[in-house]
Amino acid sequence: MAISIQNYVKLANFYNEMTKVLSAICVEKGGIALENYVGRFFAADVLEYIVEYGHRVKKSSDKIPPEVVSVMDLFEKQFEKVKDLVTPNQKPIHEMTLEEFEKIMNI
């Protein structure tokens, strides 16, 4: 996917639609709070991706419409609240110490 403002807008729209679906699922499951729904981890991963994509758009584009910049800022603020929920990145095995490898393999 080429880095572009149009693709960023598509990702932002996807995220907004996804949050509506997540909310509907929580209602259907008995009105559980979104904070207690297991899908919140996926939503945090998606938000992390969109925020990083936004950073790349800012680096590669000089002329970003102000309404897109405000959405980027809003998503960055939202991500700060949920960044502890994202899936941790793992080092490749060849970069791990023996202790890290043993921990990941439960040895």
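This one's a predicted model, so the numbers in the text were calculated from it and none came from an experiment.

Calculation rules
Residues numbered from 1 in each chain as written. Predicted model: local features only at pLDDT ≥ 70, side-chain atom pairs only at ≥ 80, totals over all residues. Heavy atoms only, no water. Salt bridge = Lys/Arg side-chain N within 4 Å of Asp/Glu carboxyl O. Helix = DSSP H or I, 4+ residues; strand = E, 2+ residues; numbered from the N terminus. Buried < 20%, exposed > 50% of the residue type's maximum accessible area, 1.4 Å probe, protein only. Contact = heavy atoms within 4.5 Å. Phe/Tyr/Trp six-rings, centres within 6.5 Å; stacked < 30°, edge-to-face > 60°. Axes fitted to C-alpha atoms, helices over the stretch in contact; angles between N-to-C directions. Parallel < 35°, antiparallel > 145°, perpendicular 65-115°, else oblique. Left-handed = near helix turned anticlockwise from the far one by under 90°. Nonpolar A, V, L, I, M, F, W, Y, C, P; charged D, E, K, R; others polar.

Colleague: Would you explain the pattern of salt bridges in this entry?
Modeller: If the charged atoms of two oppositely charged side chains come close together, the side chains can form a pair. Counted under the stated rule, the structure contains 5 salt bridges. Residue K58 is joined to D73 by a salt bridge in which the shortest nitrogen-to-oxygen separation is 3.7 Å. Taken together, the residues K58 in helix α2 (residues 40-60) and D73 in helix α3 (residues 66-82) connect sequence positions 15 residues apart.

Colleague: What exactly am I supposed to notice about the environment of I64 here?
Modeller: Here I64 shows up in the loop between α2 and α3. Of the residues examined, I64 reaches a relative accessible area of 17% and is grouped as buried. For I64, the residues in contact, after removing those within four places along its chain, are I5, V57, K58, V69 and M72.

Colleague: How should I be thinking about the packing of aromatic side chains in this particular structure?
Modeller: Note on aromatic pairs: each is described by the distance of the centres and the angle between the planes. Scanning the model with the defined rule gives 3 aromatic pairs in all. On the basis of an interplanar angle of 20 degrees and a centroid distance of 6.5 Å, the ring pair of Y8 and Y53 is categorised as stacked. Of this pair, Y8 sits in helix α1 (residues 5-28) while Y53 sits in helix α2, and the two are 45 residues apart along the sequence. Take Y8: its relative accessible area is 1%, and that puts it in the buried class. A residue is classified by how much of its surface remains accessible, and Y53, at 4% relative accessible area, is buried. By the ring-pair criterion, three or more aromatic residues cluster together here, those being Y8, Y49 and Y53.

Colleague: Honestly, the packing of α1 against α3 in this entry has me stumped. Any pointers?
Modeller: It is at 11 Å that the axes of α1 and α3 come closest, and there the two elements cross at 50 degrees. In this view, α1 runs oblique relative to α3, as classed from their interaxial angle. For the pair α1 and α3, the sense of crossing is left-handed. Counted together, I5, Y8, V9, A12, Y15 and N16 of α1 and V68, V71, M72, F75 and Q78 of α3 form the full contact between these two elements. Tallied by class, residues from the contact of α1 with α3 come to 9 nonpolar, 2 polar and no charged.

In short, geometric facts, not functional conclusions.
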